[in-house]
Structure formats: C-alpha cells, structure tokens
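A closer look at the structure
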Amino acid sequence: LSLRRVLLSAPPHPKKRTKTWKKNTKKKSFAVVIQQLPECLRDPVCVFYLVLRALDTVEDDMAIPVSTKVPLLRAFHERAGDETFMMDDCGGPGNYGRLMRGYPAVARTFNGLQPGYRAVIADITKRMGNGMADFIERQDVRTVEDYDLYCHYVAGLVGVGLTDVSRGFFFYFGGEVESVESGESGERGERERSLFSSPSKKINKNNSSSSPRASSP
C-alpha cells in the first residue's frame, strides 16, 4: 500500500473514507484534496505536506529548547529522507505525535519519489525551516512587513512548492532547483511571491485566532 493510504487510511467506499479521514487526520480538507489529485501527484503532494507538517510540529512544540529547536529547523531538510529519524517526545499524543514517531515511513516514501520531487520538497523545507528559525531568534514581529514575511515562510512557501509540483518544474539547472520563486527573478518573481503571500496571510490569521500560541513565531 502507498504511504497516503497507510497514513490517511482511505477505504474505497466514500462514506467510510470520510469517516476514517475525520478520525485519522486533523487536516481533513487536505486529505480529501490529495485523494482528488491525479494518481501521479498524490504521493508527492502527500509527502510534501507530511514533511512540512513535521517541520511545523517541531516549531510549535514549546517543550523543545530554543538551543535545540533552531538548529533542527535549519537542518530539517536534511532529515526529509532520513529513515532513522524520529522524535518520540515531540507533537504530543495525537496525530502530530504519531507523525513524528512514525516519520521513517515518510522518509522511505520520500526516497522513492522522482529526484525532481525530492529536490523541490527539500528546497521548500530548507527555506521554511530557516525562516522559522530566523523569527524564533528574533523573538518578535514588530511590523506588518515582518508579519507578511513570517506568513510567507510558514504558509506562502507551501503554495510555491505545490505550484512547482503541479506545473512540473522539476529540473536541475547547474545543480539547483528551478522553481517558481527561486527560478523567476525580477518583476515576475515578485508578482508570484505576492500572489502566494496574500492568501497565506488569511490562512495564518485564521490559525492564529484559533490557536495563537501554535501559530505565532
């Protein structure tokens, strides 16, 4: 069975699928969306979500000392395909904790993806992890511009990565990933960043209002 079926436990019958998704994942809407994607995109998008969900779980866990958390966030992209990596004491007893304890399953499936998919997931994870770490070290958000940048790191980059997946920008140019953000400079790159940042601000505002501690730097 594929990773998405194991982790999302999606039975073939629609009513049973809905019931199981509600039981096994907090991000019910995302689970449903993954199942509607073309077959070739389901595993890459599912792994992309789970790697970033694991990264965000590390950021949100207030029990992890900053001295441990910051270097872990900055190097988390190196853990994406590490089949020995897991955290028993991160994420609590719920679904996020289960993800961290069962992370080797994510890593194994990550390693089975095409190189381009792996490169994009690692690239977005690296940028998001470094952005999270930067704001933890700063300890505050002082301006609207700061808040917009934080939202770009924690939510806007998700849109960048998903667009890379859906548009098929999985090519190496001089050893680097060509992506919507890193591959487009000047006015076009700034315009696409703005498009992703605008909805990300709304997403993060909703998250902040429901869980301020977990959704703030």
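Please refer to the structure higher up on the page.
Residues numbered from 1 in each chain as written. Predicted model: local features only at pLDDT ≥ 70, side-chain atom pairs only at ≥ 80, totals over all residues. Heavy atoms only, no water.

1. Regarding the overall build of the protein chain
What the protein chain contains, in helices and strands, is 11 helices and 2 strands. The helix and strand sequence of the protein chain, counted from the amino end, reads α-α-α-α-α-α-α-α-α-β-β-α-α. Pairs at least 24 residues apart make up 63% of the contacts formed inside the protein chain by residues separated by at least 6 positions. Accessible surface for the protein chain amounts to roughly 11,500 Å². Of this, 54% is attributable to carbon and sulfur atoms. (Helix = DSSP H or I, 4+ residues; strand = E, 2+ residues; numbered from the N terminus. Contact = heavy atoms within 4.5 Å. Areas by Shrake-Rupley, 256 points an atom, 1.4 Å probe, with all protein chains shown as cover.)

2. A short note on helix α5 (residues 66–74)
Within α5 the residues assigned to the buried category are K69, V70, L72 and L73. Against the buried residues of α5 lie α4 (39–60) and α8 (115–138). (Buried < 20%, exposed > 50% of the residue type's maximum accessible area, 1.4 Å probe, protein only.)

3. Notes on the pattern of salt bridges
A complete count under the given rule lists 7 salt bridges for this structure. Here D56 ties to R53 by a salt bridge, and the two come within 2.8 Å at their closest N and O atoms. Of this pair, D56 and R53 both sit in helix α4, 3 residues apart, which is roughly one turn of that helix. The two residues D56 and R53 agree in class, both being buried. (Salt bridge = Lys/Arg side-chain N within 4 Å of Asp/Glu carboxyl O.)

4. Brief notes about the environment of L73
Structurally, the position occupied by L73 is in helix α5. Considering only alpha carbons, one finds L73 and R127, 54 residues apart in sequence, at a separation of 9.8 Å. Setting aside residues no more than four positions away along its own chain, L73 makes contact with L55, V58, E59, G129, N130, M132, A133 and I136.

5. With respect to the nonpolar core
Counting 45 residues, the largest nonpolar core has V51, V58, F76, M87 and Y103 as its most contacted members. Residue assignment for this core shows that the elements contributing at least two residues are α4, α5, α6 (95–101), α7 (103–111), α8 and α9 (144–167). Looking at this core element by element, the count peaks at 12 residues for α4. With near-sequence residues (within four places) excluded, F76 lies in contact with V51, A54, L55, V58, F85, Y103 and T125. (Core = buried A, V, L, I, M, F, W, Y, C linked by side-chain atoms within 4.5 Å.)

6. Some points on the packing of α4 against α7
It is at 10 Å that the axes of α4 and α7 come closest, and there the two elements cross at 140°. With respect to α7, the axis of α4 lies oblique. Regarding α4 and α7, the two cross each other, and that crossing is left-handed. Between α4 and α7, the contacting residues are V47, L50, V51 and A54 on the first element and Y103, V106, T109 and F110 on the second. When grouped by side-chain class, the residues that make up the contact of α4 with α7 number 7 nonpolar, 1 polar and no charged. (Axes fitted to C-alpha atoms, helices over the stretch in contact; angles between N-to-C directions. Parallel < 35°, antiparallel > 145°, perpendicular 65-115°, else oblique. Left-handed = near helix turned anticlockwise from the far one by under 90°. Nonpolar A, V, L, I, M, F, W, Y, C, P; charged D, E, K, R; others polar.)

7. Brief notes about the environment of V160
Counting through the fold element by element, V160 comes out in helix α9. Sequence separation between V160 and I124 is 36 residues; the distance between their C-alpha atoms is 8.0 Å.

8. Examining the packing of α4 against α5
α5 packs onto α4 with a crossing angle of 160° between their chain directions and a minimal axis gap of 10 Å. On the basis of their axis angle, the class for α4 and α5 is roughly antiparallel. The handedness of the crossing between α4 and α5 is left-handed. Counted together, L55, V58, E59 and D60 of α4 and K69, L72 and L73 of α5 form the full contact between these two elements. Split by residue class, the contact of α4 with α5 holds 4 nonpolar, no polar and 3 charged.

9. As for α4
In this model, α4 (22 residues) spans 32 Å end to end at C-alpha, consistent with the 32 Å of a helix rising 1.5 Å per residue. Here α4 lies mainly inside the structure; 19 of its 22 residues are buried. (Expected span 1.5 Å × (residues − 1).)

10. Observations concerning the packing of aromatic side chains
Think of a pair of aromatic rings as described by two things: how far the centres are apart, and how the planes are tilted against each other in angle. Scanning the model with the defined rule gives 5 aromatic pairs in all. Aromatic pair F76 and Y103: ring centres 6.2 Å apart, planes at 70°, arrangement edge-to-face. Of the two residues, F76 sits in the loop between α5 and α6 while Y103 sits in helix α7, which places them 27 residues apart along the sequence. Across this residue pair, the class does not change: F76 and Y103 are buried. Centroid distance F135 to Y150: 5.3 Å. Interplanar angle 70°. Geometry classified as edge-to-face. One end of the pair, F135, is in helix α8; the other, Y150, is in helix α9, and 15 residues separate them in sequence. F135 sits in the buried class, given a relative accessible area of 1%. Overall, Y150 belongs to the buried group, its relative accessible area being 2%. (Phe/Tyr/Trp six-rings, centres within 6.5 Å; stacked < 30°, edge-to-face > 60°.)

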